Amino acid sequence: MKKIFFLASWLIVSSLPAQQTVSLKDSTDKMQWFKDAKLGIFIHYGIYAVNGGGTSWPFRNGQISYADYMKQLDGFTTKNYHPEQWAKLFKEAGAKYAVMTSKHHDGVAMWDTQLSDLNVVKKTPAGRDLIAPYAKALRIEGLKVGIYFSLLDWSHPDYATLFKKNKDKIVNLYDSPASGVEDETRWQKFLTFRDGQLKELADLVNPDLWWFDGDWTRTKEQWKMKELRQDLLSWNSKTILNDRLQGYGDYQTPEQGVPIVGPTEPWELCMTINDSWSYGKNDNNTKSLNYIINIFTDCISQGGNLLLDVGPTEDGSITPIQTERLKGLGRWTSKHAEAIYGTTRGLPFGHFFGPTTLSKDRKTIYCFILNTPKDDITLKGIKNNITQIRLLGTNEKLISKRIGGNVTSVPGILRITLPAEKMDLNASVIAIELDSPLKLYRAKVGAIEEN
Ligand code: GLC
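Just so it is clear, the model here is predicted, and its values are computed rather than measured.

This part covers the nonpolar core. Judged by nonpolar contacts, the single largest core of 85 residues is most densely connected at Ile43, Phe90, Met100 and Tyr134. Ranked by residues supplied to this core, first place goes to helix α9 (residues 184-205) with eight residues. Each of domain 1 (9-335) and domain 2 (344-434) accounts for three or more of the residues forming this core. Once you skip the residues sitting within four places of it in the chain, methionine 100 turns out to touch Ile43, Tyr45, Tyr81, Trp86, Met110, Leu130, Ile131, Tyr134, Gly146, Ile147 and Tyr148. Listed in part, the 20 residues of the second largest apolar core include Leu358, Ile365, Leu379 and Met423.

Set out below in structure tokens:
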């Protein structure tokens, strides 16, 4: 048996490309901070905040001409850009990392790139690099530094040269070849430019995490994804890569919708506070704090993180309403930190109607109560003995009783009484402590044959 198992494992390992075996090995421990972090802040900051009309897409989609879009360069002052204040606010919100746009699809670099004049130092009143101060401020507050980088670049003259998937039709002026003919030399020039910009960023801030975007426009061979991953890891073997690298990333990035069943690999949901990634002048559709907590607990309950997005105004301020949401979230995350950070995916569906997490030793179940119920809450299929139940952030010990079941085989139903007057303003959390690591009852309930 052992021999067969050994042979099977050897076959599996030896059939993987060398690249993948290496990445599987180093992902286990380098991913730990990310898995424990639970909350990150996404920042879409760039010239698009001047009009407040959308991140890069407006000219790509023909809502505004390229020339008019680029007029925003003249209005990008960053005059109230104080990343130290951002970092303090993100920390107060309970975030452990942030990810900021270093270059969005419009191709405008937020640092002093030597490889193109299209950057905020040369082309905007800001006149300075915005990336290094951001990274420095985060690290002072103990937050990890993430850098967003758009693989596609709708401004670079060599970008729109190769578009294999749709090579017979002109899909768009900015991302397809005008002639329909691929120009390998120009595409290679573009890749050299991309790699050069990435190396500049790596030298500038040595990111803890890279957040790539826009990979859908080319194949992994065209992007040279394998080589890209190797390069990034050769500069810093511990850096984490998101998955918009067509199989060469470390974690998945669902966008704007919590998965029904979260992936088993590490993952992170990116989600806007309103409906816009960057500052949206007319976007007042801000999510309520309760709804943000609902989304957040849904993510962590399924083993994922939330990367909550803010869109600062062109001067570098985070709007009052987004600041209020982050502070509100901070009150809630600090009160309930024990149930959030360093926990793991909660109970499988069916044991409790609501999000849950588990402590790493699996001896505490945290249940998130998003709405105060009219009656006791119910947990099913918990075989362990309960040692105590606490209402987090209070000194309250809660009373529970088992309904039905029997001592030896069927655990019955656990009913817990909540103190209505002690419930949290947004969402309460109860910690159910067990006498041993969680044992779940999932058998089909039939007759109890011994009473
Ligand atoms: C999409 C959008 C881009 C945004 C990103 C965030 O890729 O194209 O504008 O920055 O999502 O996940």
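Here strand β2 (residues 97-103) lies mainly inside the structure; seven of its seven residues are buried. Taken together, the four bridges between strand β1 (residues 39-43) and β2 define a ladder with parallel strand orientation. Bridge assignment links glycine 40 to a residue of β2, and that residue is tyrosine 97. Sheet analysis places β2 next to strand β3 (residues 144-150), joined by six bridges and oriented parallel. When the bridges of β3 are listed, lysine 103 appears paired with phenylalanine 149.

Time to look at the sheet that holds β3. Read across the sheet, seven strands follow the order β5-β4-β3-β2-β1-β7-β6 without closing on themselves; strand pairing throughout is parallel. Both edges of this open sheet fall to β5 (240-241) and β6 (268-272), since each of them pairs with a single strand only. Summarising the sheet, β3 and strand β4 (residues 209-213) pair through five bridges and their orientation is parallel. Opposite phenylalanine 149, over in β4, you have phenylalanine 212 as the bridge partner. Along the sheet face, helix α13 (residues 320-335) touches β1 and β7 (305-310) and points at about 155 degrees away from the line of β7.

Those residues of helix α8 (residues 131-140) lying buried are Ile131, Tyr134, Ala135, Ala137 and Leu138. Along α8, the residues classed as buried sweep out an arc of 165 degrees about the axis, all on the same side. Opposite the buried face of α8, at more than 90 degrees from it, the exposed residues are Lys136 and Ile140. On its buried side, α8 packs onto β1, α6 (83-93), β2, β3 and α9. Immediately beyond the C-terminal end of α8, within one or two residues, lies glycine 142, with a positive phi of roughly 80 degrees.

Here we come to the site of the ligand. With respect to spatial proximity, 13 residues lie near the ligand, and among them His44, Trp57, His104, Asp213 and Glu255 are the closest. A distance of 2.9 Å is found between an oxygen atom of the ligand and a side-chain nitrogen or oxygen belonging to aspartate 213. The contact in question runs from an oxygen atom of the ligand to an N or O atom on the side chain of arginine 244, over 3.4 Å. When the ligand is considered free in solution it has 310 Å² of accessible area, and contact with the protein chains removes 94% of it.

In this section: the packing of α6 against α8. Axis separation between α6 and α8 bottoms out at 8 Å; the angle between their running directions is 40 degrees. In terms of axis orientation, α6 runs oblique to α8. Here the hand of the crossing between α6 and α8 comes out right-handed. For the pair α6 and α8, the contacting residues are Pro83, Glu84, Ala87 and Phe90 in the first and Pro133, Tyr134, Ala137 and Leu138 in the second.

Rules and cut-offs
- Residues numbered from 1 in each chain as written.
- Predicted model: local features only at pLDDT ≥ 70, side-chain atom pairs only at ≥ 80, totals over all residues.
- Heavy atoms only, no water.
- Core = buried A, V, L, I, M, F, W, Y, C linked by side-chain atoms within 4.5 Å.
- Buried < 20%, exposed > 50% of the residue type's maximum accessible area, 1.4 Å probe, protein only.
- Helix = DSSP H or I, 4+ residues; strand = E, 2+ residues; numbered from the N terminus.
- Domains from an automatic or database assignment.
- Contact = heavy atoms within 4.5 Å.
- Pairing = 2+ DSSP bridges.
- Axes fitted to C-alpha atoms, helices over the stretch in contact; angles between N-to-C directions.
- Arc of directions from axis to C-beta.
- Near = heavy atom within 4 Å.
- Polar contact = N/O pair within 3.5 Å; in protein donor to acceptor, adjacent residues only side chain to side chain.
- Areas by Shrake-Rupley, 256 points an atom, 1.4 Å probe, with all protein chains shown as cover.
- Parallel < 35°, antiparallel > 145°, perpendicular 65-115°, else oblique.
- Left-handed = near helix turned anticlockwise from the far one by under 90°.

So yeah, pure geometry; function would need other evidence.
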